[in-house]
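# Notes for the structure review
Given next are the chains, with one letter for each unit.
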Amino acid sequence: MLAVTWQGVHDMQVSEVPDPQIEEPTDAIIKITSTGLCGSDLHLYETLAPFMEAGDVVGHEPMGIVEEVGAGVTNLRVGDRVVVPFNVCCGTCWMCRSNLYSQCETTQNHEHGTGASFFGYSKLYGQVPGGQAEYLRVPFADFMSMKVPHEHADDRFLFLSDVLPTAWQALQYADVPGGGTLLVLGAGPIGDMAARMGVQAGHRVISVDRVAERLGRVKAFGAEPVHLDDAEQAGGVGALVRESTGGRGPDAVIDAVGMEAHGSPAATLVQKFVGLLPDAVAEPMMKKAGLDRLAALYTAIDAVRRGGTISISGVYGGAADPMPMMQLFDKQVQLRMGQANVRAWTDDLLPMLTEEDAFGVDAFATHHLPLTEAPAAYEHFQKKEEGMVKVVFQP
Ligand SMILES: NC(=O)c1ccc[n+]([C@@H]2O[C@H](COP(=O)([O-])OP(=O)(O)OC[C@H]3O[C@@H](n4cnc5c(N)ncnc54)[C@H](O)[C@@H]3O)[C@@H](O)[C@H]2O)c1
Ligand SMILES: [Zn+2]
Ligand SMILES: [Zn+2]
């Protein structure tokens, strides 16, 4: 089959790889009909390179049609239409029973001290073959596969794999009080969706990014757009937002940027340098040294009002970043974060998609492309060119 494979820094290729097979009786094989490209895939493109191996199949936002089921699968039939969450999780361990699916104890990666495995996401997360491919092996298939109706085009349901539950968790964790103000940093797919959900929940939402067309999308859904350059001219995002919130700052901030933030050139150089080192040297360095670009997180800490909440959905990778602990403590900030526990939210979200298109998902993707265009799509998405916000590959 064809699959998008990681071959090196900035080098994704479409390769012929062996078809996945049923390996456990609880597995299913699905034929992928749509599969998303995510900001998290960009971390593999460069920053997490030390944890990748040439030939790894990437992608973690798949949906499709069940092609084959193992002997132990009872809930699924060949022909079912399913969306698969990015977390690989068993559904029955203590963490799964506590709705902490991204911490699943059956798929945790003890060797690296990390949580549950993800599809297509480096040795840190299990090196599980991913979903930007023609077929996908789904472990724990009874639990993992979310059956969706056969009505509507794929995009109506596809984003249940990641974008919708991630943005929803970000908003729940932000805990915005009634009538409150939410600042969303980043208007990529995650920040965009979180802003839409915040507006829908009745909050005042301010969205910050540097890409004008991304700000245009959230504005159309009722958020107040702020261009990063304008904010910088006005003394920074914190200062600008305090001015319009009675001097206090927003009640909550969602960081939907993560470690690829613009604005910390020194860290960029270090990240590039580590990416060039041999893996044996780079791996421990990446895990121990503080290599993230913390621009967005620092902005969140500065902007949030005293006693407010910061909800981090952007991914950070370095382990020993210097954090402004004094300011966090002094401001009594509540910090909440983590990979989305996808299956914890999808039962709530599904009815919001079947009855109506509550979050505008039908028109959310800016590009639908064949898998063969993946190498160029990764490049344009990283550089934020060609109006590319959300890409859906249709193998
Ligand atoms: N927690 C989870 O489960 C989860 C799931 C999916 C994605 N993510 C993470 O969420 C983040 C965003 O993902 P995405 O798909 O929206 O990707 P993206 O890279 O397209 O979005 C990031 C956006 O942030 C903007 N940005 C960069 N620096 C900024 C700054 N200093 N201030 C404000 N905006 C800035 C960029 O212009 C871009 O539009 C990534 O870190 C991704 O890994 C987390
Ligand atoms: Zn994703
Ligand atoms: Zn589990």
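### Focus: the domain arrangement of the chain
Each assigned domain of the chain is listed here: domain 1 (2–162 + 341–393) and domain 2 (164–337). Taking only C-alpha atoms into account, the centre of domain 1 sits 24 Å from that of domain 2. Opposite the 40 residues of domain 1 that make contact, domain 2 presents 34 residues. Interface area, domain 1 with domain 2, both sides summed: about 3,100 Å², of which 64% is carbon and sulfur. Of all residues in domain 1, Trp345, Phe359 and Phe364 give up the largest surface area on contact with domain 2, accounting jointly for 21% of the area buried on that side. Run the count over domain 1 and domain 2 and you get zero salt bridges. Inspection of the domain 1/domain 2 interface yields 10 residue pairs in polar contact (both at pLDDT 80 or more). The element that contributes the greatest number of residues to the side of domain 1 that touches domain 2 is helix H14 (residues 342–349), accounting for four residues. Of the residues belonging to the side of domain 1 that touches domain 2, the class tally is 24 nonpolar, 10 polar and six charged.

### Quick notes on the sheet that holds strand S14 (residues 334–337)
Pairing in this open sheet of six strands is parallel, and the strands run S11-S10-S9-S12-S13-S14 from one edge to the other. The sheet terminates laterally at strand S11 (224–227) and S14, the two strands that pair on one side only. Adjacent strand axes in the sheet meet at a mean angle of 20 degrees when their direction is disregarded. Strand direction decides the pairing type here: strand S12 (residues 252–255) and strand S13 (residues 309–312), joined by four bridges, are parallel. By the bridge assignment, Asp255 is partnered in S13 with Ile312. Relative to strand S10 (residues 204–209), helix H7 (residues 212–220) is tilted by about 170 degrees, and along the sheet it contacts S10 and S11. On top of the sheet, helix H12 (residues 295–303) reaches strand S9 (181–185), S12 and S13; it is set at about 165 degrees to S9, its chief contact.

### Structural notes on the nonpolar core
Ranked by internal contacts, the top residues of the largest apolar core, which has 93 residues, are Phe159, Leu160, Leu164, Leu182, Met193 and Met197. Considering every element that reaches this core, the biggest residue donor is helix H5 (residues 163–174), with seven residues. Counting residues domain by domain, this core receives three or more from each of domain 1 (2–162 + 341–393) and domain 2 (164–337). Each residue touching Phe159, except ones within four places of it in the same chain, is listed here: Leu164, Pro165, Val361, Phe364, Ala365, Lys390 and Val392.

### Looking at the sheet that holds strand S4 (residues 56–57)
The strand order across the open sheet formed by three strands is S2-S1-S4, and the pairing between neighbours is antiparallel. Sheet topology places strand S2 (11–16) and S4 at the edges, where each strand pairs with a single neighbour. With six bridges joining them, strand S1 (residues 2–8) and S2 adopt antiparallel strand pairing. Residue pairing across strands places Val4 opposite Val14, the latter belonging to S2. Contacting S1 and S2, helix H16 (residues 374–383) runs over the sheet at an angle of about 160 degrees to S2.

Rules used throughout
- Residues numbered from 1 in each chain as written.
- Chains lettered and ligands numbered in written order.
- Predicted model: local features only at pLDDT ≥ 70, side-chain atom pairs only at ≥ 80, totals over all residues.
- Heavy atoms only, no water.
- Domains from an automatic or database assignment.
- Contact = heavy atoms within 4.5 Å.
- Buried area = accessible area lost by both parts, 1.4 Å probe.
- Salt bridge = Lys/Arg side-chain N within 4 Å of Asp/Glu carboxyl O.
- Polar contact = N/O pair within 3.5 Å; in protein donor to acceptor, adjacent residues only side chain to side chain.
- Helix = DSSP H or I, 4+ residues; strand = E, 2+ residues; numbered from the N terminus.
- Nonpolar A, V, L, I, M, F, W, Y, C, P; charged D, E, K, R; others polar.
- Pairing = 2+ DSSP bridges.
- Axes fitted to C-alpha atoms, helices over the stretch in contact; angles between N-to-C directions.
- Core = buried A, V, L, I, M, F, W, Y, C linked by side-chain atoms within 4.5 Å.
- Buried < 20%, exposed > 50% of the residue type's maximum accessible area, 1.4 Å probe, protein only.

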